[in-house]
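# Summary of structural features
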Amino acid sequence: MYQKVESNDSGKMRTFTKMYLMICLSTACIFLYQYQLSRARLISQPLHQEADGQKASDFDVSTTTNPPVAISAKPPFPPLYIITPTFRRPEQLAELTRLGYTLKHVPNLLWLVIEDAEHATVLVTKLLEHIGVPFVHLVAAMPEKFRKNKVKPRGVSNRNRGLKWIRANATEGVFYFADDDNTYDVTLFEQIRHTRKVSMWPVGLITKFGVSSPIVRNGSFAGFYDGWIGGRKYAVDMAGFAVSVKFLLSRPKAEMPFKPGYEEDGFLKSLHPLDNSEIELLASGCTEILTWHTQTKKNQPAQQLDMTKYRDTNLVRLREILV
């Protein structure tokens, strides 16, 4: 009888030991997974120092959602800098929301949101903080002399401000002009991340051809397919190219011209010397569309709220959001 009890106790001990080891192993696996996941999501922090000696935070408005992270290992992905010009309009918050939650799926990314305004819009800042993508919020108003033009060079001052910030704060990685009224496949961001100089790809839902794209023949660049060539050397859409930060830094005079319809062409020309054979053709040799011009329907400004009728309702708060 005594031996039988001892045998049962030994069996229980072995079972308990196995369960304990399994729990320890499972816990270790969970910690290892979380560690690897956190490493994959680390965002490299830019240097907050402008070229002329002033801190980046001294220029306009500069806000990032993440504090600097002290790490010894190099981040697993080259950094991406996404430059998004924007301006106050009924669709602004909706379009920034759509783009922001797309960018949230992309690791090691900094979003440069640059408003065409004299002062940063508080609602935009709050939205960026809520979305949670690491960002810098800047302002760069269009020069007054261009506001009188019938066709205005929209977004140029914003993009040039983004280029200035990159020159002062970045040393490696890739930047991309991503307008807030487009739709993006996250695959695009992973492909452009390794751009050596300039990369290009098709853009859908644009011009009478339905697409703007480099022409590829026998695996090599052979020109541009676009509904409007207009004498442009680079007949490419703003959403159809990305540039290496190091390549930009090697071209100190590169900038975007205030010339409607020729912004992309003028900027790419300012990166000279750039041989067409150096253009990197992405999206499976330009056979896939990873970004589209899905411009939101333009809306009229909202009617003024009848404060006599709705003063004590939630509509007063909503009216603060509407344009």
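The structure presented is a predicted model; accordingly, all values stated were derived computationally and were not measured.

### Observations concerning helix α5 (residues 156-169)
If you check α5, its first and last C-alpha atoms are 20 Å apart, about what 14 residues at 1.5 Å a residue would give, namely 20 Å. Extensive coverage of α5 is indicated by the burial of 12 of its 14 residues. Buried within α5 we find V156, S157, N158, R159, N160, R161, G162, L163, W165, I166, A168 and N169. On its buried face, α5 sits against β1 (80-86), β2 (109-115), β3 (135-139), β4 (174-177), α7 (245-249) and α8 (263-269).

### Description of the pattern of salt bridges
Enumeration according to the criterion identifies 11 salt bridges in this entry. Of the charged contacts in the structure, one is a salt bridge between E190 and R193, with a shortest N-O distance of 3.2 Å. Judged by its relative accessible area of 2%, R193 is buried. Among the ionic contacts, a cluster of salt bridges with common partners joins R89, E91, E95 and D180.

### Considerations on the confidence of the model for the protein
This prediction gives the protein a mean pLDDT of 85; 77% of its residues lie at or above 70. With pLDDT under 50 throughout, residues 1-7 is counted as low confidence; its partners more than four residues away or in other chains account for zero contacts. This stretch, residues 64-72, has a pLDDT under 50; its non-local contacts, to residues over four places away or in other chains, come to 17 contacts.

### Some words on the environment of S250
Mapping S250 onto the fold places it in the loop between α7 and α8. Residue class for S250 comes out partly exposed when judged on its relative accessible area of 39%. Polar side-chain contacts of S250 include one of 2.9 Å to the side chain of R251.

Cut-offs and rules
Residues numbered from 1 in each chain as written. Predicted model: local features only at pLDDT ≥ 70, side-chain atom pairs only at ≥ 80, totals over all residues. Heavy atoms only, no water. Helix = DSSP H or I, 4+ residues; strand = E, 2+ residues; numbered from the N terminus. Expected span 1.5 Å × (residues − 1). Buried < 20%, exposed > 50% of the residue type's maximum accessible area, 1.4 Å probe, protein only. Contact = heavy atoms within 4.5 Å. Salt bridge = Lys/Arg side-chain N within 4 Å of Asp/Glu carboxyl O. pLDDT = per-residue confidence, 0-100. Polar contact = N/O pair within 3.5 Å; in protein donor to acceptor, adjacent residues only side chain to side chain.

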